[in-house]
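The chain contents come next:
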Amino acid sequence: MFAKPIRFFFCLALLTSAWSGCSTPSKSKDVEKKLDAKALEEHRKKPKIPDQSADTTFIAFVGRLQIAVAKRDRAILKSMMTADFGYRWDPAMENETPFDYWEEHKLWSDLERMLHERFVPSGDYMVAPPEFVTTTNYTGYRVGLRLVNGGWRFAYFISGQDVLP
């Protein structure tokens, strides 16, 4: 007596779950094609990730990063960085590392200071300081962290003053 309705609802549940798993094509690329340069920059700054500043894994990562920078521990820092870590706008000199660049330009203290700023979402990154996101034409140093394969990585530490035309 109840076998047919149960079978019907079971089949309906399977179909519903199968359809909900299908992804729709992203409209982000289409939107980006229609925007001018300024609007495109604003579109990209919009958070694509939720604010992670209160997440315990994010807080722990930032804490480990702060300690590694304070100790100037290059091996630990290298393990925390993305493969395409950004530290300058112009091409790097041959065999130059971010650490060499920071030493040469005396940037370690600026990096330490930035890592103690509040982080906010911007695009695919958590960035500090918040003024980078809230202020137009911000030219100071900024730090970006992003999720890579489920783990946080140090993605960039760069100045806006070095931007090439």
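Refer to the structure above for everything that follows.
Calculation rules
- Residues numbered from 1 in each chain as written.
- Predicted model: local features only at pLDDT ≥ 70, side-chain atom pairs only at ≥ 80, totals over all residues.
- Heavy atoms only, no water.
- Phe/Tyr/Trp six-rings, centres within 6.5 Å; stacked < 30°, edge-to-face > 60°.
- Helix = DSSP H or I, 4+ residues; strand = E, 2+ residues; numbered from the N terminus.
- Buried < 20%, exposed > 50% of the residue type's maximum accessible area, 1.4 Å probe, protein only.
- Pairing = 2+ DSSP bridges.
- Contact = heavy atoms within 4.5 Å.
- Core = buried A, V, L, I, M, F, W, Y, C linked by side-chain atoms within 4.5 Å.
- Expected span 1.5 Å × (residues − 1).
- Arc of directions from axis to C-beta.

Peer 1: Just checking my understanding: could you explain the packing of aromatic side chains for this structure?
Peer 2: Each aromatic ring pair is specified by the distance between its two centres and by the angle formed by the two planes. Scanning the entire structure with this criterion turns up 13 aromatic pairs. Here Phe85 and Trp102 contribute two aromatic rings whose centre-to-centre distance is 5.9 Å and whose plane-to-plane angle is 75°, an arrangement assigned as edge-to-face. Of this pair, Phe85 sits in strand S1 (residues 81–86) while Trp102 sits in helix H6 (residues 98–104), and the two are 17 residues apart along the sequence. For Trp102, a relative accessible area of 0% puts it in the buried group. Here the aromatic rings of Tyr141 and Phe157 are separated by 5.3 Å at their centres, their planes lie at 25°, and the arrangement is stacked. Here Tyr141 is found in strand S4 (residues 141–148), whereas its partner Phe157 is found in strand S5 (residues 151–159), with 16 residues between them in sequence. Among the aromatic side chains, those forming a connected cluster through ring pairs are Phe85, Phe99, Trp102, Trp108, Tyr141, Phe154 and Phe157.

Peer 1: Teacher, can you tell me more about unusual backbone geometry here?
Peer 2: Glycine aside, residues mostly have negative phi, and peptide bonds are mostly found in the trans state. Omega for the bond connecting Ala128 with Pro129 falls within 30 degrees of zero, at 0°, which places this linkage in the cis form. Position of Pro129 among the secondary structure elements: in the loop between strand S3 (125–128) and helix H8 (131–134). Residues other than glycine seldom take positive phi values, yet Asn95 does so here, at roughly 60°. Note that Asn95 resides in the loop between S1 and H6. Positive phi, normally seen in glycine, also occurs at Asn149, with a value near 50°. Tracing the sequence through the fold places Asn149 in the loop between S4 and S5. Taking relative accessible area as the criterion, Asn149 reaches 83% and is therefore assigned exposed.

Peer 1: Looking at this structure, I do not really get the pairing of S5. What am I missing?
Peer 2: Consecutive side chains along a regular strand alternate between the two faces of the sheet. Taken across its 9 residues, S5 has 7 buried, putting it largely inside the fold. Both S1 and S5 contribute to a ladder of 2 bridges, which runs parallel. Paired with Gly86 across the strands is Tyr156, a residue of S5. Direction of pairing for S4 relative to S5: antiparallel, over a ladder of 8 bridges. When the sheet's bridge partners are listed, Leu145 is paired in S5 with Phe154. Count of turn residues in the S4/S5 antiparallel hairpin: 2 residues, of which Asn149 carries a positive phi of about 50°.

Peer 1: Hey, could you run me through the side chain of Ser159 in this one?
Peer 2: Mapped onto the fold, Ser159 is located in strand S5. Leave out the neighbours within four places in its chain, and Ser159 touches Trp89, Thr139, Gly140, Tyr141 and Arg142.

Peer 1: Would you take a moment to explain the nonpolar core for this structure?
Peer 2: If you look at soluble globular proteins, the nonpolar side chains tend to sit buried side by side. Core analysis: the largest hydrophobic core is formed by 28 residues, its most contacted members being Trp102, Leu145 and Phe154. Broken down by element, the residue count for this core peaks at 6 residues, all from helix H4 (residues 56–71). Beyond its immediate sequence surroundings of up to four residues, Trp102 is in contact with Met81, Phe85, Tyr87, Leu107, Trp108, Leu111, Phe154 and Phe157. By size, the runner-up hydrophobic cluster in this structure holds 6 residues, among which are Val120, Val127, Tyr156 and Ile158.

Peer 1: Before we go on, may I ask you to explain H4 in this structure?
Peer 2: Spacing of three or four residues puts side chains on the same side of an α-helix, whose turn is 3.6 residues. Taking 1.5 Å of rise per residue, 16 residues should cover 22 Å, and H4 covers 23 Å from first to last C-alpha, within 8% of that figure. All of the buried residues in H4 are Phe58, Phe61, Val62, Leu65, Ala68 and Val69. What you see down the axis of H4 is that its buried residues fit within an arc of 125°, all on one side. Those residues of H4 that are exposed and angled more than 90 degrees off the buried face are Thr56, Ile67 and Lys71. The inward-facing, buried residues of H4 contact helix H5 (74–80), helix H7 (108–115), S3, S4 and S5. Within two residues after H4, Arg72 carries a phi angle of roughly 55°, on the positive side.

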